[in-house]
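# Coordinate analysis (summary)
One-letter residues, chain by chain:
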Amino acid sequence: MTDLVTFGETMLRLSPPRGERLETTRELTVQAGGAESNVAVGAARLGADTRWLSKLPDSPLGRRIVTELRSHGVRPGVAWADAETSRVGTYYLEHGGEPRGTNVIYDRADAAITTVEAEELPTGAVEDAEWFHTTGITPALSAAAAETTAALLETAGEAGTARSFDLNYRAKLWDPETARAAYEDLFERVDTLFVPRRDAREVLDREGNAVEIAHGLATEFGFDTVVVTRGLEGAVALHDGSVYEQDVYEAETFDAIGTGDAFVAGFVAERLRGGDLAASLRWGSATAALKRTTDGDLAVTTREEVRDVIDGEGGIDR
Ligand code: KDG
C-alpha cells in the first residue's frame, strides 16, 4: 500500500539569479514546482512511499519534470498527453529584496492538466493509499481539473483513504467569491484542512483568531482536523476537540516559496508514521524551516535534519 498520493499540476519554475530582473536577465534556472508535487517530494524525502498524479505532455519538458521528481523518490502516476497539442505550465519567479517584493508570473493557461480526467490516471492509485492530498490550486485551473479533484476526493473517501486539502488560494488564478464556492463544494470530502489564517479571513470570510476560525470550520464542515497557519506566528490545530499550538522554528530565509507545502509534507509524513498531532506539527514546522534555507520549491531535506531542528541541534557538522 502507498503511504501518500498527491494530485495536481507541476510546472517548470524559471527564475533569474537573485538581484537580476526578468526583463534583463540572460539566465533562468529551471526547477520543477507545484504545490502537490512539492508535498510529494517533501514527504518522500522523509521516508513516505509517495506517488504523485498529474497530466503532462509526453515531451522533453514533461519528462524533465518527472525525472526531477523521481530523483527525490516520488513515484509518478502521469497521464501523458500528446506533445503536439498540449503544453507544460510554467511560472517565472523574480526574487525580491527590500523594498521590492518577490514576483510570480504564471504562464500556465491550457496546460495539459486542464483537460485531465480521473479515468486517465492510474487505476486504484487513490484507493491503494493511506493518505490523499491535493490543494485549492487544482480546481482553479479548469472545470475538468476541478471535477477530477472532486472525483478523487470522493473515491478516496469511499476507500477509507485519509484526505487532506490545503486551501492555497492564488489571487492570480481566480477571485475570492468563485474560489470560496469551489472550496466549499469540496470541503465535505476532506478530513484535514490546512488553511492560512489570512485566506480564512479574506477568502472564506471567517472572523476571529485562529482557534475560533478552526472551531467554526470544523463545526460547519465536519473536518476531523483543521490546521490554521499564521506565518511567523506559527500554526494552530484543532483535532478531536483539542487545540494544539506550534511555534515557527527560526530559519534564515533564502527562498520562501514552497514553505507551506513543506509544512504539509512534514506533518503528513509524521502522521503516517503514527505520530500524534503535536509531533506532526513539530515535523511540519521543522520541515518548513529547512525549506526556507534552500533555493527552489522543494524541501530537499532528511529525517535527521528535521530531527536536529526539533532537538535544537543545528550548526556545523564536521
Ligand atoms: O506553494 C508553492 C506553489 O505556489 C508553487 O510551487 C507554484 O504550485 C504553484 C502555484 O500554483 O502557485
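Preceding this paragraph is the structure being described.
Throughout what follows, the structure given in this document is the object of discussion.

Calculation rules
- Residues numbered from 1 in each chain as written.
- Predicted model: local features only at pLDDT ≥ 70, side-chain atom pairs only at ≥ 80, totals over all residues.
- Heavy atoms only, no water.
- Helix = DSSP H or I, 4+ residues; strand = E, 2+ residues; numbered from the N terminus.
- Rg over C-alpha atoms; globule rule 2.2 N^0.38 Å.
- Buried < 20%, exposed > 50% of the residue type's maximum accessible area, 1.4 Å probe, protein only.
- Contact = heavy atoms within 4.5 Å.
- Areas by Shrake-Rupley, 256 points an atom, 1.4 Å probe, with all protein chains shown as cover.
- Lys, Arg positive; Asp, Glu negative; His and termini not counted.
- Charge placed at Lys NZ, Arg CZ, Asp CG, Glu CD.
- Near = heavy atom within 4 Å.
- Polar contact = N/O pair within 3.5 Å; in protein donor to acceptor, adjacent residues only side chain to side chain.
- Nonpolar A, V, L, I, M, F, W, Y, C, P; charged D, E, K, R; others polar.
- Core = buried A, V, L, I, M, F, W, Y, C linked by side-chain atoms within 4.5 Å.
- Pairing = 2+ DSSP bridges.
- Axes fitted to C-alpha atoms, helices over the stretch in contact; angles between N-to-C directions.
- Salt bridge = Lys/Arg side-chain N within 4 Å of Asp/Glu carboxyl O.
- Phe/Tyr/Trp six-rings, centres within 6.5 Å; stacked < 30°, edge-to-face > 60°.
- Lys NZ or Arg CZ within 6 Å of the ring centre and 35° of its normal.

## Some remarks on the overall build of the protein
Scanning the protein for helices and strands turns up 10 helices and 13 strands. Compactness check: the protein gives a C-alpha radius of gyration of 18 Å against a globular reference of 20 Å for 318 residues, within 12% of the reference. Projected onto its principal axes, the C-alpha positions of the protein cover 50 × 50 × 40 Å. Among the 318 residues that make up the protein, the fraction classed as buried is 53%. Looking at the protein alone, contacts between residues at least 24 apart form 69% of all its contacts between residues at least 6 apart. With the model as given, the accessible surface of the protein reaches about 14,000 Å², and the carbon-plus-sulfur share is 45%. Separation of charge centres in the protein, based on 32 positive and 56 negative side chains, amounts to 4 Å.

## Quick word on the site of the ligand
Not every one of the 13 residues close to the ligand is listed here, only the nearest: Y106, R108, R170, D261 and D297. Residue D297 places a side-chain N or O atom 2.5 Å away from an oxygen atom belonging to the ligand. With the chains in place, 92% of the 320 Å² that the ligand exposes on its own is no longer accessible. In terms of residue class, the shell around the ligand is made up of 5 nonpolar, 4 polar and 4 charged.

## As for the nonpolar core
Y183, F187, V195, L217 and V226 are the most contacted members of the largest nonpolar core, which has 45 residues in total. In terms of residue count, helix 7 (residues 210-221) provides more of this core than any other element does, 6 residues in total. Excluding residues within four positions of it along the chain, V195 makes contact with L167, A200, L204, L217, V226, V227, V228 and T229. Within the second largest apolar cluster, 18 residues are counted, among which are A43, V264, A265 and F267.

## Points about the pairing of strand 8 (residues 129-135)
For strand 8, the buried fraction is high: 6 of the 7 residues fall into the buried class. By the bridge criterion, 4 bridges tie strand 1 (residues 2-7) to strand 8 in an arrangement that is parallel. Bridge pairing in strand 8 links L4 to W131.

## As for the sheet that holds strand 2 (residues 11-15)
Reading across from one edge, 3-2-6-7 is the order of the 4 strands in this open sheet, with mixed pairing throughout. Across the chains shown, the open sheet's two edge strands, defined by having one partner strand only, are strand 3 (29-33) and strand 7 (103-107). Along the sheet, successive strands turn relative to each other by an average axial angle of 25°, direction set aside. Judged from the 5 bridges that link them, strand 2 and strand 3 form a sheet pairing that is antiparallel. Of the residues in strand 3, the one forming a bridge with L14 is V30.

## What to know about the pattern of salt bridges
Here the structure, examined in full by the defined rule, presents 19 salt bridges. The salt bridge involving R108 is made with E9; its shortest N-O contact spans 2.8 Å. With R108 in the loop between strand 7 and strand 8 and E9 in the loop between strand 1 and strand 2, this pair connects stretches of sequence that are 99 residues apart. Residue E9 is classed as buried on the basis of its relative accessible area, which comes to 5%. E154 is paired through a salt bridge with R189; the nearest N and O atoms lie 2.7 Å apart. On the criterion of sequence distance, the pair formed by E154 in helix 4 (residues 143-159) and R189 in the loop between helix 5 (176-187) and strand 10 (192-196) is long-range, its members being 35 residues apart. Several salt bridges share partner residues, and in doing so they unite R13, R18, D255, D295 and D297 into one network.

## Describing the packing of aromatic side chains
Considering all chains together, one arrives at 10 aromatic pairs under this definition. Ring centres of F194 and F267 lie 5.4 Å apart, and the angle between their planes is 90°; this geometry places the pair in the edge-to-face category. Of this pair, F194 sits in strand 10 while F267 sits in helix 8 (residues 259-272), and the two are 73 residues apart along the sequence. A single burial state applies to F194 and to F267, both of which are buried. With 5.9 Å between their ring centres and 45° between their planes, F221 and F223 make a pair best called tilted. Given the relative accessible area of 19%, F221 is considered buried. Grouped by ring-pair contacts, the aromatic residues F165, W174, Y183, F187, F221 and F223 constitute a single cluster. Here the guanidinium or amino end of R108 rests over the ring plane of Y106, the centre of that ring lying 4.5 Å away.

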